[in-house]
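Reading the structure
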Amino acid sequence: MPNRPRTQIFLASTLYGTATLAAALDADRFPAAGRRLLLLSNNAANPETTASLDTMPGFAQLRGRFDRVLSWNETIRPFHPGGWSPRPDDVPLWERYLRMLWDLGDDRIELVVESIQVNPALALAQLFPEAPVDVYADGLMSYGPTRNKLDPLVGTRINRLLHLDLVPGLTPLLLTEFGVPAETVPTGAFTKVLAELAEDADGLPDLGGLPDGGALLLGQYLSALSILTPEEEEELHVRMVRGAVERGHREIVFKPHPSAPARWSRLLEREAEKLEISLTVLDRPVLAEVLYRRMRPALVVGCFSTALLTASAFYGLPVARTGTGLLLERLTPYQNSNRVPVTIVDALVPDLDERNTRRTGTPESITGLVTAVGYAMQHQIYPQLRPAAERYLAAHLDPYTRRYFKRRRLTALALPGAIPSQLSFIPRNAAVRRVARRARAVQRRLKKRAAFG
């Protein structure tokens, strides 16, 4: 039935992502369709106690781009969106159920999802096995490798990757193993959508009293990801305040992560009293980009938030980062999907505490670094990147750039920089490799004997 109606289903879990979709629609990045459905997923650890996306300030401004809004949480209740996927034998049953529940009939379905490597996006793609897929990225992770080896039955259905041009000159690595082309969402369309949100006086919380030209600090709640301890993250926020004050700022706005505990804000308030500065804690949900337009900060400080790059690339605001060096050490395993975002911010954004700190490169020259890190993270998925990684490491690895690589990882992959140059022949020597394999085999046998007495 070639003339079946076309229905597009857009999956979103954040206001920032929904704004990205709205900008892509405004820029005609999607073909015409009979219906456009927005499927909302609340991926919070406890979605029952977390505000749904459609209740957030500014959502009403985006709602009009879609014909209907659906809830993925309600659809699969009582399961959690991040932990549920269909059993293969149940897929036909689930597809029939969703077509009935969402009144899809026999429409041709097209999917537009984020984070295709994990649920709920992966589950949705599995439930409509004949639907073509577009992936959109609303952050820096699109520049890194695909975090898991994707099922070819899904990967080969992906037509393109839509992304914001956060790092001009850098092409996303995500999904290139399937030859998926990257396509930028026009910056002008995105900032126009954000302007709509900033001007929504009825939907936004009262932002009166925010200082014009103050310093804006962005919290991320990294302890929830087990990257930092709560105490370390509290200290990170305190360092943000102290660093902003050392740069001469006396009016500071702190935007905590919505899920962060309230006691963190109280600690900052005590620090502000000690430093005799004005501190405003913005505990109402609002996008950082809305604040850029409302208060036009003189400085934006964060750890590795995507909002640092939108501030710099889209609004021309001064930015500074702190804590990225510690995160580069702490991220485990090396394949952690946050590694490329942390690397990009560390390389491109000045350190808050060092006025003239060295940076690895410009947006145009960072391609080699990201390629090398991406290969080291997922060498099995991207074997074709090895020559480029070897060239970068041979030419640029020094005491500063070594922070982006682990010697143990370089050794495991026999990459330049793994061992001292005078011993560099070892990984290429077949006889030495055979001896090493035999030694490891003997070691394993001895361990087994010891375990069984």
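In case you missed it, the structure is sitting above this.
Residues numbered from 1 in each chain as written. Predicted model: local features only at pLDDT ≥ 70, side-chain atom pairs only at ≥ 80, totals over all residues. Heavy atoms only, no water.

It is worth spelling out helix 4 (residues 91-101) at this point. Every buried residue of helix 4 is listed here: V91, W94, E95, L98 and R99. One side of helix 4 holds all its buried residues, which, seen down the axis, span an arc of 135°. Exposed side chains of helix 4 directed beyond 90 degrees from the buried face belong to L93, R96 and M100. Remark: D103 follows helix 4 within two positions and exhibits a positive phi of approximately 55°. (Buried < 20%, exposed > 50% of the residue type's maximum accessible area, 1.4 Å probe, protein only. Helix = DSSP H or I, 4+ residues; strand = E, 2+ residues; numbered from the N terminus. Arc of directions from axis to C-beta.)

In this model, R77 is joined to P78 through a cis peptide bond whose omega is 10°. Locating P78 in the fold gives a position in the loop between helix 3 (72-76) and helix 4. Residues N119 and P120 are joined by a peptide bond in cis, for which omega reads 10°. Tracing the sequence through the fold places P120 in the loop between strand 4 (108-113) and helix 5 (121-127). Here the phi dihedral of Y221 falls at roughly 60°; this positive angle occurs in a residue that is not glycine.

Taken together, seven strands build an open sheet; the order of strands is 3-2-1-4-5-6-7 and the sheet is parallel. Sheet topology places strand 3 (68-71) and strand 7 (182-185) at the edges, where each strand pairs with a single neighbour. Strand-to-strand twist of the sheet, defined as the mean angle between neighbouring strand axes without regard to direction, takes the value 25°. Seen against the sheet, helix 1 (residues 15-26) touches strand 1 (6-12), strand 2 (35-40), strand 4, strand 5 (133-137), strand 6 (158-164) and strand 7 and runs at an angle of roughly 145° to strand 1. (Pairing = 2+ DSSP bridges. Axes fitted to C-alpha atoms, helices over the stretch in contact; angles between N-to-C directions. Contact = heavy atoms within 4.5 Å.)

Burial of helix 11 (residues 306-315) is extensive: eight of the 10 residues sit out of reach of the surface. Along helix 11, the residues that are buried comprise T306, A307, L308, L309, T310, A311, F314 and Y315. A distance of 3.0 Å separates the backbone nitrogen of A307 from a side-chain oxygen at the start of helix 11, and that oxygen is part of S305. Where helix 11 terminates, the next one or two residues include G316, which has phi positive at roughly 65°. (Polar contact = N/O pair within 3.5 Å; in protein donor to acceptor, adjacent residues only side chain to side chain.)

Attention shifts here to the sheet that holds strand 10 (residues 278-281). Either a parallel or an antiparallel arrangement is found when strands of a sheet pair, and the pairing is made through backbone hydrogen bonds. Strands sit in the order 10-9-8-11-12 across an open sheet of five strands; the sheet is parallel. The open sheet is flanked by strand 10 and strand 12 (319-321), the only strands paired with a single partner. Neighbouring strand axes in the sheet, compared pairwise and without regard to direction, differ in orientation by 20° on average. Bridge count for strand 9 (residues 251-255) against strand 10 is four bridges, and the pairing is parallel. Each bridged residue has a counterpart across the sheet, and for I252 the counterpart in strand 10 is L279.

So, about the nonpolar core. Core analysis: the largest hydrophobic core is formed by 111 residues, its most contacted members being L166, V167, I252, Y292, I344, I366 and F405. It is helix 1 that contributes the most residues to this core, eight residues altogether. Here I252 is in contact with A215, L217, V241, A244, V245, I277, S278, L279 and T280, once residues within four sequence places are set aside. Of all hydrophobic cores here, the second largest spans 34 residues; its members include L11, A131, L174 and L175. (Core = buried A, V, L, I, M, F, W, Y, C linked by side-chain atoms within 4.5 Å.)

Taken together, the side chains of Y97, M100 and L101 make up a nonpolar region of the molecular surface, amounting to roughly 300 Å² of accessible area. Mapped onto the elements, Y97 comes out in helix 4. Given a relative accessible area of 33%, Y97 falls into the partly exposed group. (Patch = residues over 30% accessible without salt bridge, like charges linked within 9 Å, V, L, I, M, F, W, Y side chains within 5 Å. Areas by Shrake-Rupley, 256 points an atom, 1.4 Å probe, with all protein chains shown as cover. Salt bridge = Lys/Arg side-chain N within 4 Å of Asp/Glu carboxyl O.)

A separate point is the packing of helix 7 (residues 187-198) against helix 10 (residues 288-295). Where helix 7 contacts helix 10, the two axes come as close as 9 Å, and the packing angle between them is 75°. One finds that helix 7 runs roughly perpendicular with respect to helix 10. Counting all contacts with helix 7, which are made through T191, L194, A195, L197 and A198, the residues of helix 10 involved are E289, V290, R293 and R294. Residue classes in the contact of helix 7 with helix 10 are distributed as five nonpolar, one polar and three charged. (Parallel < 35°, antiparallel > 145°, perpendicular 65-115°, else oblique. Nonpolar A, V, L, I, M, F, W, Y, C, P; charged D, E, K, R; others polar.)

This paragraph deals with the side chain of T324. Along the chain, T324 turns up in helix 12 (residues 324-330). Here T324 is in contact with C303, V342, V345 and D346, once residues within four sequence places are set aside.

So, about the layout of surface pockets. As a volume, the second largest pocket reaches approximately 340 Å³. What lines the second largest pocket is a set of 18 residues, among which P47, S71, N73, E74 and R77 lie closest to the centre. Of all the secondary-structure elements, those providing two or more residues to the lining of the second largest pocket are strand 3 and helix 3. By residue number, the principal contributor to the lining of the second largest pocket is strand 3, which donates three residues. A per-class count over the lining of the second largest pocket returns eight nonpolar, six polar and four charged. (1 Å grid on protein atoms, 1.4 Å probe; cavity = no way out; pocket = protein on both sides within 12 Å on 5 of 7 lines; lining within 4 Å. Points joined across faces, edges and corners; volume = space filled by probe spheres on them.)

Overall, the coordinates contain 19 salt bridges when judged by the stated rule. Notably, a salt bridge pairs R65 with E196, separated by 3.0 Å at the nearest N-O pair. Within this pair, whereas R65 is found in the loop between helix 2 (59-63) and strand 3, its partner E196 is found in helix 7, the two being separated by 131 residues in sequence. Note on R65: relative accessible area 18%, which makes it buried. Classification of E196 as partly exposed rests on a relative accessible area of 22%. Across the salt bridge formed by R160 and E183, the nearest N and O atoms sit 3.2 Å from each other.

Looking now at the packing of aromatic side chains. In this description, an aromatic ring pair is defined by two values, namely the gap between the centres and the angle between the planes. Under the definition given, this model contains 12 aromatic pairs. Look at F190 and F314: their rings are 5.9 Å apart centre to centre, the planes differ by 70°, and that puts the pair in the edge-to-face class. Here F190 is found in helix 7, whereas its partner F314 is found in helix 11, with 124 residues between them in sequence. Classification of F190 as buried rests on a relative accessible area of 0%. An aromatic cluster of at least three residues, connected via ring pairs, comprises W72, F79, W84, W94, Y97 and W102. Seen from the ring of F30, R160 lies directly overhead, with NZ or CZ sitting 5.0 Å from the centre. Of note, R403 hangs over the ring of Y400, and the distance from its end group to the ring centre comes to 4.9 Å. (Phe/Tyr/Trp six-rings, centres within 6.5 Å; stacked < 30°, edge-to-face > 60°. Lys NZ or Arg CZ within 6 Å of the ring centre and 35° of its normal.)

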